[in-house]
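One letter stands for each residue in the lines below.
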Amino acid sequence: MSEIDPTGKPAPGPNTRLAHGGNRPSDYHGFVNPPVVRASTILFPDSAALKGRSQRYTYGLSGTPTTEALEAALSELEGAAGTILVPSGLAAVTVPLLAFLSAGDHLLMVDCIYGPTRRFANTVLKRLGVEVEYFDPKRAEGIADLIRAETKVVFLEAPGSNTFEMLDIGAAARAARAANAVTMIDNTWATPLHFRPLDHGVDISIHALTKYPSGHSDVLMGSVSANEATYRRLRDTQLTLGINAAPDDVYLVLRGLRSMGVRLDRHAETAMRLAEWLEGHEAVARVLHPALPSFDGHDLWKRQFAGASGLFSIVLRQPHGDPAPFVDALELFGIGWSWGGFESLAVPVDLSDRTLALAPDEGPVVRLQIGLEDFTDLRTDLERGLAALAARQNKNG
Ligand SMILES: *Cc1c(COP(=O)(O)O)cnc(C)c1O
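Residues numbered from 1 in each chain as written. Predicted model: local features only at pLDDT ≥ 70, side-chain atom pairs only at ≥ 80, totals over all residues. Heavy atoms only, no water.

A. A look at the site of the ligand. Lining the immediate surroundings of the ligand are Ser88, Gly89, Leu90, Tyr114, Glu157, Asp186, Thr188, Ala208, Thr210, Lys211, Leu220 and Trp339. One of the side-chain N or O atoms of Asp186 is found 2.7 Å from a nitrogen atom in the ligand. Within the side chain of Lys211, an N or O atom sits 2.6 Å from an oxygen atom of the ligand. According to the grid-proximity analysis, the pocket containing the ligand is the largest pocket. Classifying every residue of the shell around the ligand by side-chain character gives five nonpolar, four polar and three charged. (Near = heavy atom within 4 Å. Polar contact = N/O pair within 3.5 Å; in protein donor to acceptor, adjacent residues only side chain to side chain. 1 Å grid on protein atoms, 1.4 Å probe; cavity = no way out; pocket = protein on both sides within 12 Å on 5 of 7 lines; lining within 4 Å. Sits in = over half its atoms within 2 Å of the grid points. Nonpolar A, V, L, I, M, F, W, Y, C, P; charged D, E, K, R; others polar.)

B. Summary view of a nonpolar patch on the surface. On the surface, a cluster of nonpolar side chains totalling about 250 Å² of accessible area is made up of Tyr59, Leu61 and Leu239. Turning to its location among the elements, Tyr59 is positioned in the loop between helix H2 (47-52) and helix H3 (65-78). (Patch = residues over 30% accessible without salt bridge, like charges linked within 9 Å, V, L, I, M, F, W, Y side chains within 5 Å. Areas by Shrake-Rupley, 256 points an atom, 1.4 Å probe, with all protein chains shown as cover. Salt bridge = Lys/Arg side-chain N within 4 Å of Asp/Glu carboxyl O. Helix = DSSP H or I, 4+ residues; strand = E, 2+ residues; numbered from the N terminus.)

C. Spotlight on the confidence of the model for the protein chain. With 98% of its residues at a pLDDT of 70 or more, the protein chain has an overall mean of 95. Across the protein chain, the element-wise mean pLDDT spans from 90 in H2 up to 99 in strand S6 (residues 204-208). (pLDDT = per-residue confidence, 0-100.)

D. Quick look at the UniProt feature "modified residue: N6-(pyridoxal phosphate)lysine" (unreviewed entry) in the protein chain. Feature annotation in UniProt assigns "modified residue: N6-(pyridoxal phosphate)lysine" (unreviewed entry) to the following positions: Lys211. As for its position among the elements, Lys211 is in the loop between S6 and strand S7 (222-226). Lys211 sits in the buried class, given a relative accessible area of 9%. In this view, Lys211 contacts Thr188, Ser338, Trp339 and Gly340; residues no more than four positions away in its chain are not counted. (UniProt positions renumbered as here; feature names shortened; annotations may be inferred. Buried < 20%, exposed > 50% of the residue type's maximum accessible area, 1.4 Å probe, protein only. Contact = heavy atoms within 4.5 Å.)

E. Here's a closer look at the side chain of Arg118. By the secondary structure assignment, Arg118 is in helix H5 (residues 115-127). At 2.5 Å, the side chain of Arg118 forms a polar contact with the backbone oxygen of Asp111.

F. Up close: helix H9 (residues 247-258). The terminal C-alpha atoms of H9, which comprises twelve residues, lie 17 Å apart, in line with the 16 Å expected from a rise of 1.5 Å per residue. Contacts from the buried residues of H9 go to helix H1 (14-20), H3, strand S1 (82-86) and helix H10 (260-279). (Expected span 1.5 Å × (residues − 1).)

G. Structural view of the domain arrangement of the protein chain. For the protein chain, the assigned domains are domain 1 (14-257) and domain 2 (260-396). Of note, the centres of domain 1 and domain 2, computed from C-alpha atoms alone, are 28 Å apart. Contact residues are listed per partner, giving 41 residues for domain 1 and 40 residues for domain 2. In this assembly, domain 1 packs against domain 2 so that about 3400 Å² is buried in total across both faces, 60% of it on carbon and sulfur atoms. It is Trp189, His194 and Tyr212 that lose the most area in domain 1 upon contact with domain 2, and together they represent 25% of the buried surface on that side. Where domain 1 meets domain 2, there are four salt bridges. For the pair domain 1 and domain 2, the number of links is 24 residue pairs in polar contact (both at pLDDT 80 or more). Elements supplying a minimum of two residues to the side of domain 1 that touches domain 2: H1, H5, strand S3 (131-135), helix H6 (169-178), helix H7 (191-194) and H9. If you tally residues by element for the side of domain 1 that touches domain 2, the top one is H7, at three residues. (Domains from an automatic or database assignment. Buried area = accessible area lost by both parts, 1.4 Å probe.)

H. View of the pattern of salt bridges. If you walk through the whole model with that rule in mind, you get 20 salt bridges. One salt bridge connects Arg56 with Glu68, and the closest N-O pair in it is separated by 2.8 Å. One end of the pair, Arg56, is in the loop between H2 and H3; the other, Glu68, is in helix H3, with twelve residues separating them in the sequence. According to the relative accessible area criterion, Arg56 is exposed, its value standing at 54%.

I. Looking closely at the pairing of strand S2 (residues 106-110). Of all five residues in S2, five are buried; the element is thus mostly enclosed. Summarising the sheet, S2 and S3 pair through five bridges and their orientation is parallel. Note that in S3 the partner of His106 across the bridge is Glu131. Once you follow S2 into H5 and on to S3, the crossover reads as right-handed. (Pairing = 2+ DSSP bridges. Right-handed = clockwise from strand over helix to strand, strands pointing away.)

J. Molecular detail of the environment of His20. The residue His20 is located in helix H1 in this model. In the structure, His20 is positioned 14 residues away from Pro34 in sequence and 11 Å away in space, judged by C-alpha atoms.

K. Region of interest: unusual backbone geometry. In this structure, the amide linkage connecting Ala158 to the following residue, Pro159, adopts the cis form with an omega of -5°. If you trace the backbone, Pro159 turns up in the loop between strand S4 (151-157) and H6. Of note in the backbone geometry, Asn162 takes a positive phi value of approximately 70° without being a glycine. Along the chain, Asn162 falls in the loop between S4 and H6. According to the relative accessible area criterion, Asn162 is buried, its value standing at 17%.

L. Just the sheet that holds strand S10 (residues 345-348), in detail. Across the sheet, which stays open at both edges, the four strands sit in the order S8-S9-S11-S10 with antiparallel pairing between neighbours. Because the sheet does not close on itself, it has two edges, and the strands there are strand S8 (284-288) and S10. Direction aside, neighbouring strands of the sheet carry axes that sit 25° apart on average. In terms of strand pairing, S8 meets strand S9 (residues 311-316) through four bridges, oriented antiparallel. (Axes fitted to C-alpha atoms, helices over the stretch in contact; angles between N-to-C directions.)

See the structure below:
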């Protein structure tokens, strides 16, 4: 990124931003990290100050120096006008949708969306009178044809949830902006290190901070970073709904963020080596990883993203088969939801809610979160799982 600030200083690199973003040691007697400031009540010097609304901090719900530090760090990483924090990644999806949609509006959403996002759209948003329409990720350049006068939001996720479909994000955002619709993207997989949506014309970038930014599987949080045009309405909606993240949790995420760059490099490198190895394994029909040249959306990924992370899926060569023998034979890979932590995980993926970006027909899909363990140990574990699968298949004839 060749940003130059008005004083002619080159912008700091991503790891420098991670190390220093949001920290102002001189505000806190030189302590490197901001304090955990917990608050409901904040006192005013007199009643005039209470009425004047000029005091920087007014009530715990609207933020403390701790929440502000993480917001500032994320805004800098995303190139955003402002960032709000919410108690989960899912809330980081629902709050902006509630902020920009009303009864009678039309929402265009990519079909390879995170399952709970689809559930929210199909239940709460529909009940509130929003019309929800899904589009094929392969048709992102053509969404202008689907946009109508009532289309207020275009919601993207790239790569797609569990199956990693890539889409032309810039083209979708341009079509949305031409029609005055707000473009939002769930940017969790890439992190702001590998993709900065606002540089591509997207208005709002969403993260489950639960994943790589926290990195240790011990905290839930979400963030929404917005451009100048959308930030005020987003912040007002957050305060109106009464949702903010707790300062103790914020501190944990801020702590994780400092080391995210080196962790992500390691996650990505081991994941890529395993993906390449799995691609050559006879029990694997396909590896769904955008950084593999064989992957369908590889060119779109390469053109738009600066890197990959450590989450991908494999399609087992086993039509109508059961992935359980593979997953159950794994000893290092845990079976569990979420990802982005230090430990490896494997989960069979349910794609039955898809309407356009359908499940592969070669066999079941298993999602792998590659942790920080050693490559050889993880490969041995996967080998064990695939051998168990082959043994079961031979037994069943
Ligand atoms: C995990 C995840 C979320 C939700 O995050 P939580 O903190 O678990 O609520 C949202 N979007 C994507 C893409 C995710 O992977």
